[in-house]
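# Coordinate inspection notes
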Amino acid sequence: MSEVVDGTASAADAVAAKKEPKILVCDGNEAAAWGVVLARPDMVAVYPITPQSSLAEYVAQFVADGVLDAELVEAEGEHSVLSVLHGAALVGARTYTASCGQGLAFMFEPYFRTPNLRLPIVMSIVNRDGITPQCVWGGQQDAMTVREVGWIQLFCETVQEVLDTVVMAYRIAEDRSVMLPVNVNHDGNYLSNGVVRIELPDQAEVDDFLGTPDVNWHVALDPERPMGVDPLTGGATGPGPALFVGYRRGHCEGMQNALRAIVEIHEEWARRFGRRYAPLVEEYRLDDADCALVTIGSMAGAAKDAVDAAREAGVPVGLIRIKTLRPFPLDAMVAALDKARAVGVVDRAVSYGWNSGPVHQETLAALHYCQRRIPCLSLIGGLAGADLTQAHFARAIAETVKLLDAPCPRTPVWLNAED
Amino acid sequence: MSATPTIAFDAARCDGCGECMKACQVAKSDDGRPAQSRIRIVRDDETGSWGIAQCRQCGDPRCASVCPAAALAKGGDGVVAWDAGRCVNCLICTAGCTYGGIAFSAAEGHVVKCDQCAGAPQCVAACRRGALRYVTAAKLYNRWGELEDLFVPGLGGCQGCNTELIMRHALRRIGPNTVLATPPGCIPGMGSVGYNGMLGCKVPVFHPLLTNTASMLTGIRRQFKRKGRDVTALALAGDGGAGDVGFQSLSGAAERGEQILFVCVDNEGYMNTGAQRSGSTTYGAWTATTPIGEAARGKTQEAKNLPLLMMWHGCEYVATASTAFMEDFYAKLEAALDASGRGFAYLHLYSPCTSGWRFPSAANVEVARKAVETNFAVLWEYRRSHGLRLSRDIDEPAPVVDYLKLLGKFGHLDAAQVAHIQAHVDRQAQVLRELARAGCGADAVG
């Protein structure tokens, strides 16, 4: 059953009932920018890239209008964007940026370092497919390619969830048991440009929810607290490999701590603001399902419609939506997968050497911990902005149902191959 | 220890007139009794030039250390003083001094030496041609010397490298209210950030990436300003981290006018990783990746002129400096530090690399001096408000071969390559001359 309460305040939510929420009609990029306004970062660094550009423009306009009191750095490229934020965070700034696709690729060097410095930077990725072939459209190849870098990776389904998750991301990132950067992913085109009605949380309530920035208590560049940041570590002349191992292990532990923090912070968000999202893995009509689709990001909307239609036609199918990909929510995923007898995983990216999709690979790893052997099919669609419609998911369901009676193919189903 | 005044001699200005000796005799004559001059001018028969024999007021005087009677001692005023009451006239001091600075005076019956006439040396006053001057050459050192050294002792630089000098002196002046970025290269390589929890200096310090020094400092400086704190954002970077892979972030920060003091220590290559070619490596130079062989004679391209590129960004301040001209370096550091409170300040230091350039470790300052004296490295400064100004006369340079022959990395050059370099050096000097003449400044660039 879905944990989503469909955007309306629950009756138990006393706080949200206090004030009429402000209503906005906007796309996901503007929603993310409003999330930034509410989080009150000290510094925002941006470099434009399709389909993120309007997000950068909204933030710049908010700063120009005085809606957001932040230092805005119009850096000369994504590499510098994140580097500026490294410096600012080491001086204690709450920070924000957004990028995608090639921008993320260009940013990779400082991106790789961000979680190792344990800097609680929040960055939206307006997911975009990778070139080549030349392409400016949505897809998740960018975020999927950087799964092992050590950032927390959250994936949103709706525009409202984009705004809410950007705000929550700061609480997660700055949790002292976590201290890791967070990527809030929202799909390029579908979410970045799709206009809907959303609620804007009250600033004072968000201030109370987030608290003051808590960014550089553990590592700082400050003459009042002089320290060397990132001296050469490891090698034969030092205290031994244990120090380096300690850093890596601490990072892994921070990631595991994030699982708890993400759940608690989503729970608190629901209590305060009345919107409840599955923090790790959403289960949709799964309890008596034979088959399940695994989805991530905005595709879940059309997929849920397809599930509803299949249910009406008597096919017992459900859906799993991954909100948190990193840290990988192993327990929640295993619990969900254990409810199905066959699984089809729909990816908007490719895992080349495995001849399947990245989320398919993640799911296969989780299936190892399930009680029984569950066949798991890879389906790939939505590349380079291709539509993933209810019809595509109907086919995905049909292909998954086949696994109940026939061997599971080791090659992916390309959902848009005939489009 | 502080530097103290000394009597400096310029042989080129001396014509051997002897007025200094006469003045000294008069000054030291007591009640008309004859005295021996404490300064003697001596002609070099081979070159025809004049030299002097006079006490150098050595820091660790041999005359004093060999004296068995403790009659000679270095005083707080810098003068090596002779005590008549203790002297036993053994004359061992005269053998101890290699400069002829102390000698037996038959007229006076004991050894005599220069005492600088209590701060008003008469020889200097008598010298009409200005061959003798009474100076404190290192008065800036005195000022800097009193400032705290903010690096740890025992940085692991190569023998004879001038980078440690640059680092220590720069940070002394800039002071502890600083965040220091040292991108990968010789500077962190010698331990300025530290190893495994052992720190290299007393100010907050970090390794940026090789590529993002100016960007990280942007965030640091801006966040401090947001908090109302005036903290200097300082980079000590090599030429690769500044001008090659780091150039994008440097250029971006300069264009935005970020308030950063960026010091580039240019050793013309990737010297920390074994002397590979960089964009700052000059034409003809051997490096590990521009080797010499049957088909190759060193680098085939000119170096990019990084300081000029920075000038065209319209920075608040850009200058080139050399450790052979420390007063000029200090003045420029002062100006750069001041300018970094208003905008981007870029200071480019020529840093001869003893190991990568293949020359004896004792010759670093000599190499640096020759680079300047041949116009191979021209010293200039640019202020947004005043334009470009040459720091010293460049119209009568020594031939560039005087510089090239000092360096093993140029040992293979043939006549055509030397001529190529000379032509490039001349052209570059001409460009700078014309920029200086044009008053290339805020109107032209900013």
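The next thing to look at is the overall build of chain B. Within chain B one finds 16 helices and 20 strands. Taking the principal axes of its C-alpha atoms as reference, chain B extends roughly 75 × 55 × 45 Å. Within chain B, residue pairs in contact and separated by at least 24 positions form 67% of the contacts whose partners lie at least 6 positions apart. Counting only carbon and sulfur atoms, one obtains 52% of the accessible surface of chain B, whose full area is about 18900 Å². Put simply, chain B has 46 plus and 42 minus side-chain charges, and the middle of one group is 4 Å from the middle of the other.

A count of helical and extended segments in chain A gives 14 helices and 16 strands. The C-alpha atoms of chain A give a radius of gyration of 21 Å, which matches the 22 Å a tight globule of 419 residues would have. On the principal axes, the C-alpha backbone points of chain A span a range of 70 × 60 × 45 Å. Within chain A, the fraction of its 419 residues that count as buried is 61%. In chain A, the share of contacts with a sequence separation of at least 24, taken over all contacts with a separation of at least 6, comes to 82%. For chain A, the exposed area adds up to about 16000 Å²; of that, 54% sits on carbon and sulfur atoms. One way to put it: in chain A the 34 positive side-chain charges average out to a point 5 Å from where the 54 negative ones average out.

Further remarks concern the packing of helix H2 (residues 28-39) of chain A against helix H9 (residues 203-210) of chain A. Residues and elements named next belong to chain A. Contact geometry of H2 with H9 gives a least axis separation of 9 Å together with a crossing angle of 70 degrees. When the interaxial angle is binned, H2 and H9 end up roughly perpendicular. For the pair formed by H2 and H9, the contact residues are Val37, Leu38 and Ala39 on the first element and Gln203, Val206, Asp207 and Leu210 on the second. Taken together, the residues of the contact of H2 with H9 sort by class into 5 nonpolar, 1 polar and 1 charged.

Residue and element names in this part refer to chain A. If you check the domain split of chain A, you get domain 1 (14-218 + 252-273) and domain 2 (281-414). Listed per partner, the contact involves 30 residues of domain 1 and 31 residues of domain 2. Taking both sides of the interface into account, the surface hidden between domain 1 and domain 2 amounts to around 2300 Å²; carbon and sulfur atoms contribute 50%. The interface formed by domain 1 and domain 2 contains 7 salt bridges. The partner of Arg326 in a salt bridge is Glu148, and the shortest N-O contact between them spans 3.0 Å. Only helix H7 (141-145), strand E6 (152-155), helix H8 (159-174) and helix H10 (241-273) provide two or more residues apiece to the side of domain 1 that touches domain 2. Residue classes in the side of domain 1 that touches domain 2 are distributed as 15 nonpolar, 9 polar and 6 charged.

Turning our attention to the sheet that holds strand E5 (residues 122-127) of chain A. Residue and element names in this part refer to chain A. Pairing is mixed in the open sheet, where 7 strands are placed in the order E3-E2-E4-E5-E7-E6-E13. Edge positions in the sheet fall to strand E3 (71-74) and strand E13 (324-326), since each has one partner strand and no second. Direction aside, the axes of adjacent strands within the sheet are offset by 20 degrees on average.

A complete count under the given rule lists 11 aromatic pairs over all chains for this structure. The interplanar angle of 20 degrees and the centroid separation of 5.8 Å between the aromatic rings of B:Phe329 and B:Tyr330 together place this pair among those described as stacked. Comparing B:Phe329 with B:Tyr330, the two get one shared label, buried. Here the aromatic cluster, defined as three or more aromatic residues joined through ring pairs, consists of A:Phe209, A:Trp269 and A:Phe273. In this structure, A:Arg171 packs its charged tip against the face of A:Phe209, placed 4.7 Å from the ring centre. Over the face of the ring belonging to A:Tyr277 we find A:Lys323, whose NZ or CZ atom lies 5.2 Å from the ring centre.

All names here are of chain A. Reading across from one edge, E10-E12-E11-E14-E15-E16 is the order of the 6 strands in this open sheet, with mixed pairing throughout. Looking at the sheet topology across the chains shown, the edges are occupied by strand E10 (281-284) and strand E16 (413-414). The pairing of strand E11 (residues 291-296) with strand E14 (residues 342-347) spans 4 bridges and is classified as parallel. From the neighbouring strand, Ala292 faces E14, where its bridge partner is Val343. Helix H12 (residues 330-337) contacts E10, E11, strand E12 (317-322) and E14 of the sheet and is inclined by roughly 15 degrees relative to E10.

What follows deals with the domain arrangement of chain B. The assigned domain composition of chain B is domain 1 (6-137) and domain 2 (140-437). The gap between the C-alpha centroids of domain 1 of chain B and domain 2 of chain B is 41 Å.

Opposite the 37 residues of chain B that make contact, chain A presents 44 residues. Taken together, both faces of the contact between chain B and chain A bury some 3000 Å²; the carbon and sulfur share is 56%. Counting every contact that joins chain B to chain A gives 6 salt bridges. Salt-bridge contacts for A:Glu76 lead to B:Arg256; the nearest nitrogen and oxygen are separated by 3.0 Å. The tally of links from chain B across to chain A stands at 17 residue pairs in polar contact (both at pLDDT 80 or more). Elements with a contribution of two residues or more to the side of chain B that touches chain A: strand E9 (178-181), strand E10 (194-195), strand E12 (205-206), helix H8 (213-226) and helix H10 (247-256) of chain B. With 9 residues, the single largest contributor to the side of chain B that touches chain A is H8(B).

Turning to the packing of H8(A) against H9(A), a few remarks are in order. Residue and element names in this part refer to chain A. Direction vectors running N to C along H8 and H9 enclose 25 degrees, while the axes themselves pass 10 Å from each other. Between H8 and H9, the crossing angle belongs to the class labelled roughly parallel. The interaxial crossing formed by H8 with H9 has right-handed handedness. Each of Val167, Met168, Tyr170 and Arg171 in H8 lies in contact with H9, whose residues at this interface are Val206, Phe209 and Leu210. Among the residues forming the contact of H8 with H9, the class breakdown is 6 nonpolar, no polar and 1 charged.

On to the pattern of salt bridges, then. Residue and element names in this part refer to chain A. Under the counting rule described, the total for this entry stands at 63 salt bridges over all chains. Between Glu174 and Arg94 there is a salt bridge, with the nearest N and O atoms lying 2.8 Å from each other. Of the two residues, Glu174 is situated in helix H8 and Arg94 in the loop between helix H4 (78-90) and strand E4 (95-99); the sequence distance between them amounts to 80 residues. Of the residues examined, Glu174 reaches a relative accessible area of 7% and is grouped as buried. Residues Glu267 and Arg276 are paired through a salt bridge, measuring 2.7 Å at the closest nitrogen-oxygen approach. You can call Glu267 partly exposed: its relative accessible area is 34%.

The subject of this paragraph is the layout of surface pockets. Its volume calculated, the largest pocket comes out at about 870 Å³. Residue assignment for the lining of the largest pocket shows that the elements contributing at least two residues are helix H6 (108-113), strand E9 (228-229) and H10 of chain A together with helix H7 (186-189) of chain B. It is H10(A) that contributes the most residues to the lining of the largest pocket, 5 residues altogether.

Another point: the environment of B:Gln422. All names here are of chain B. Tracing the chain through its elements places Gln422 in helix H16 (residues 415-437). Sequence separation of Gln422 and Val401 is 21 residues, and the distance between their C-alpha atoms is 7.9 Å. Ignoring any residue separated from it by four or fewer positions in sequence, one finds Gln422 in contact with Pro399 and Val400.

It is worth spelling out helix H12 (residues 326-339) of chain B at this point. For H12(B), which comprises 14 residues, the first-to-last C-alpha distance of 19 Å matches the rise-based estimate of 20 Å (1.5 Å per residue) to within 8%. Among the 14 residues that make up H12(B), 10 are buried, leaving the element largely enclosed by the rest of the structure.

With that settled, the discussion passes to the nonpolar core. Grouped together as the largest cluster of nonpolar side chains are 171 residues, with contacts concentrated most on A:Tyr96, A:Tyr111, A:Ile152, B:Phe262 and B:Phe344. Among the elements that take part in this core, H8(A) stands out by supplying 10 residues, more than any other. For A:Tyr111, the residues in contact, after removing those within four places along its chain, are A:Leu82, A:Leu104, A:Met123, A:Ile125, A:Val146, A:Val149, A:Trp151 and A:Asn183. Ranked by size, the runner-up nonpolar core spans 36 residues in total, among them B:Leu140, B:Ile174, B:Phe329 and B:Leu333.

How each quantity is defined
Residues numbered from 1 in each chain as written. Chains lettered and ligands numbered in written order. Predicted model: local features only at pLDDT ≥ 70, side-chain atom pairs only at ≥ 80, totals over all residues. Heavy atoms only, no water. Helix = DSSP H or I, 4+ residues; strand = E, 2+ residues; numbered from the N terminus. Contact = heavy atoms within 4.5 Å. Areas by Shrake-Rupley, 256 points an atom, 1.4 Å probe, with all protein chains shown as cover. Lys, Arg positive; Asp, Glu negative; His and termini not counted. Charge placed at Lys NZ, Arg CZ, Asp CG, Glu CD. Rg over C-alpha atoms; globule rule 2.2 N^0.38 Å. Buried < 20%, exposed > 50% of the residue type's maximum accessible area, 1.4 Å probe, protein only. Axes fitted to C-alpha atoms, helices over the stretch in contact; angles between N-to-C directions. Parallel < 35°, antiparallel > 145°, perpendicular 65-115°, else oblique. Nonpolar A, V, L, I, M, F, W, Y, C, P; charged D, E, K, R; others polar. Domains from an automatic or database assignment. Buried area = accessible area lost by both parts, 1.4 Å probe. Salt bridge = Lys/Arg side-chain N within 4 Å of Asp/Glu carboxyl O. Pairing = 2+ DSSP bridges. Phe/Tyr/Trp six-rings, centres within 6.5 Å; stacked < 30°, edge-to-face > 60°. Lys NZ or Arg CZ within 6 Å of the ring centre and 35° of its normal. Polar contact = N/O pair within 3.5 Å; in protein donor to acceptor, adjacent residues only side chain to side chain. Left-handed = near helix turned anticlockwise from the far one by under 90°. 1 Å grid on protein atoms, 1.4 Å probe; cavity = no way out; pocket = protein on both sides within 12 Å on 5 of 7 lines; lining within 4 Å. Points joined across faces, edges and corners; volume = space filled by probe spheres on them. Expected span 1.5 Å × (residues − 1). Core = buried A, V, L, I, M, F, W, Y, C linked by side-chain atoms within 4.5 Å.

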